[in-house]
Amino acid sequence: MMMRPKLLQNFLDATFVVADRFVTDHHSKLSVSRIWAALQTHSEISEGAGTGLPVCSQLGDATKPSLFQDPELCRLIDAFVALEPALSWRVPDGSRLHASTNFEHSHANTVIVGPSGIERRDDLLIGVSLLASNVRYPDHSHPPEETYLVLSDGSFRQKNGAWFTPGIGGTFYNSPGIVHAMRSGDSPLLAVWLLWAG
Ligand SMILES: [Fe+2]
């Protein structure tokens with residue numbers, strides 16, 4: 001088994017420090033602790049150059065140091081920026097329900113740990129979504145439960161509920177199968193998601 005690359009381990013360590021500090025929902029806490037326990041066993045590493053998309057030009061704005069006052073959020077952003085050249089960004093297949101018309105060229109996501117990640121495994125998924133400004137992500141759902149670590153201003157919705165704005169460092173829980181969506185305002189939206197499928 002290959003060693004986990006240092007930049008990946010740094011990102012995971014920083015992510016779970018933030019999760020430990022900012023996650024408040026009981027289900028999310030349990031989910032995050034299961035993911036962290038599973039990550040103590042490393043899996044296959046896929047070495048390869050990362051691939052960007054035009055929307056990745058928004059990453060500089062989304063990771064501007066002046067946005068992050070909290071030292072643990074700063075550490076997470078720094079670890080993400082250091083890892084980013086190795087990431088492969090994609091436009092996901094699937095639902096386009098209620099997506100904004102600019103969605104195809106104004107959004108990308110990257111799987112960091114998971115079936116198509118740098119670390120290949122099926123029991124969990126950790127990745128990042130990037131939306132350019134004024135983009136509405138489609139309504140979608142998936143069987144694994146999900147915890148979001150929100151790193152930007154931006155709004156989120158579950159089922160047909162009201163849009164809510166967790167803010168930078170905000171977190172929330174998507175139960176298995178729940179329909180959810182997100183949308184950016186006048187600035188890009190960056191968020192980390194952690195899905196437990198074990
Ligand atoms: Fe999701």
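Above this note sits the structure.
Throughout this description, residue numbers start from 1 for each chain and increase along the sequence as written. Residue-level local features of this predicted model are given only where pLDDT is at least 70; pairs of side-chain atoms are given and counted only at 80 or more, and the full residue set underlies all totals for whole chains, interfaces and linings. Here the side-chain values reflect all heavy atoms present in the structure, with hydrogen atoms and water set aside.

1. A look at the pairing of strand 2 (residues 107–113)
Note the threshold: We call a residue buried when its accessible area falls under 20% of the maximum for its residue type, exposed when it is over 50%, and partly exposed in between, using a 1.4 Å probe and counting protein chains only. For the purposes of this entry, the term helix denotes a DSSP run of H or I that reaches at least four residues, the term strand denotes a run of E that reaches at least two, and both are numbered from the N terminus. If DSSP finds at least two bridges between two strands, the strands pair.
In terms of burial, strand 2 is largely enclosed, as 7 of its 7 residues are buried. With 6 bridges connecting them, strand 2 and strand 4 (residues 124–131) associate as antiparallel partners. In the sheet register, alanine 108 faces strand 4, and the bridge partner there is leucine 130.

2. Concerning the environment of threonine 51
Which entries qualify depends on this criterion: In what follows, residue pairs with any heavy atoms lying within 4.5 Å of each other are defined as contacts.
Tracing the sequence through the fold places threonine 51 in the loop between strand 1 (44–45) and helix 3 (59–62). The exposure class assigned to threonine 51 is partly exposed, which follows from its relative accessible area of 41%. A C-alpha to C-alpha distance of 25 Å links threonine 51 and histidine 140, two positions 89 residues apart in sequence. Non-local contacts of threonine 51, meaning those with residues more than four positions away in its chain, are made with Leu87, Ser88 and Trp89.

3. A look at the coordination of the iron ion
So the rule is basically this: Atoms of type N, O and S within 2.8 Å of a metal are treated as its donors, and for Na, K and Ca the window is 3.2 Å; water is not considered, so some sites may appear to be missing partners. Only two sets of limits are used to name each site, 85 to 135 degrees for every angle of a tetrahedral four-donor site, and over 155 degrees for opposite donors with all other angles from 65 to 115 for a square planar four-donor or octahedral six-donor site, with any other site named irregular.
Binding of the iron ion to the protein goes through His140 (NE2), His142 (NE2), Glu146 (OE) and His180 (NE2), at separations of 2.1 to 2.6 Å. Considering all 4 donor atoms around the iron ion, angles at the metal cover 74 to 149 degrees and the coordination shape is irregular. Spacing between the donor residues of the iron ion along the chain follows H-x1-H-x3-E-x33-H. According to the relative accessible area criterion, glutamate 146 is buried, its value standing at 3%.

4. Let's talk about the environment of proline 85
Residue position: proline 85 is located in the loop between helix 4 (71–83) and helix 5 (103–106). Once the C-alpha coordinates of proline 85 and alanine 49 are considered, the two residues, 36 residues apart in sequence, prove to be 7.5 Å apart.

5. Some words on the pattern of salt bridges
Rule in force here: For this analysis, a salt bridge means a side-chain nitrogen from Lys or Arg found within 4 Å of a carboxyl oxygen belonging to Asp or Glu.
Enumeration according to the criterion identifies 7 salt bridges in this entry. Here glutamate 119 and arginine 4 are joined by a salt bridge, their closest N and O atoms 2.7 Å apart. Within this pair, whereas glutamate 119 is found in strand 3 (residues 119–120), its partner arginine 4 is found in the segment before helix 1 (6–22), the two being separated by 115 residues in sequence. A residue is classified by how much of its surface remains accessible, and arginine 4, at 8% relative accessible area, is buried.

6. Looking at the pairing of strand 4
Regular strands show a simple pattern: their side chains alternate between the two faces of the sheet. Across the 8 residues that make up strand 4, a large majority, 7, are buried. Bridge analysis of strand 4 against strand 9 (residues 189–196) gives 8 bridges, and the strand direction is antiparallel. Bridging from a neighbouring strand, leucine 125 pairs with leucine 195 of strand 9.

7. Re the nonpolar core
Our working definition: The term nonpolar core refers to a set of buried residues drawn from Ala, Val, Leu, Ile, Met, Phe, Trp, Tyr and Cys, joined through side-chain atoms within 4.5 Å.
In this structure, Phe11, Trp89, Ile126 and Leu190 are the most contacted members of the largest nonpolar core, which totals 56 residues. Listing elements by their share of this core, those giving two or more residues are helix 1, helix 2 (26–39), helix 3, helix 4, strand 2, strand 4, strand 5 (145–150) and strand 9. For phenylalanine 11, the residues in contact, after removing those within four places along its chain, are Leu76, Ala79, Phe80, Leu83, Ile112, Ile126 and Val192.

8. Points about unusual backbone geometry
The phi angle at histidine 98 is positive, at roughly 65 degrees, despite the residue not being glycine. Here histidine 98 shows up in the loop between helix 4 and helix 5. Positive phi, close to 50 degrees, is recorded for lysine 159, a residue that is not glycine. Inspection of the secondary structure assignment puts lysine 159 in the loop between strand 6 (155–158) and strand 7 (171–174). The class for lysine 159 is exposed, based on a relative accessible area of 56%.

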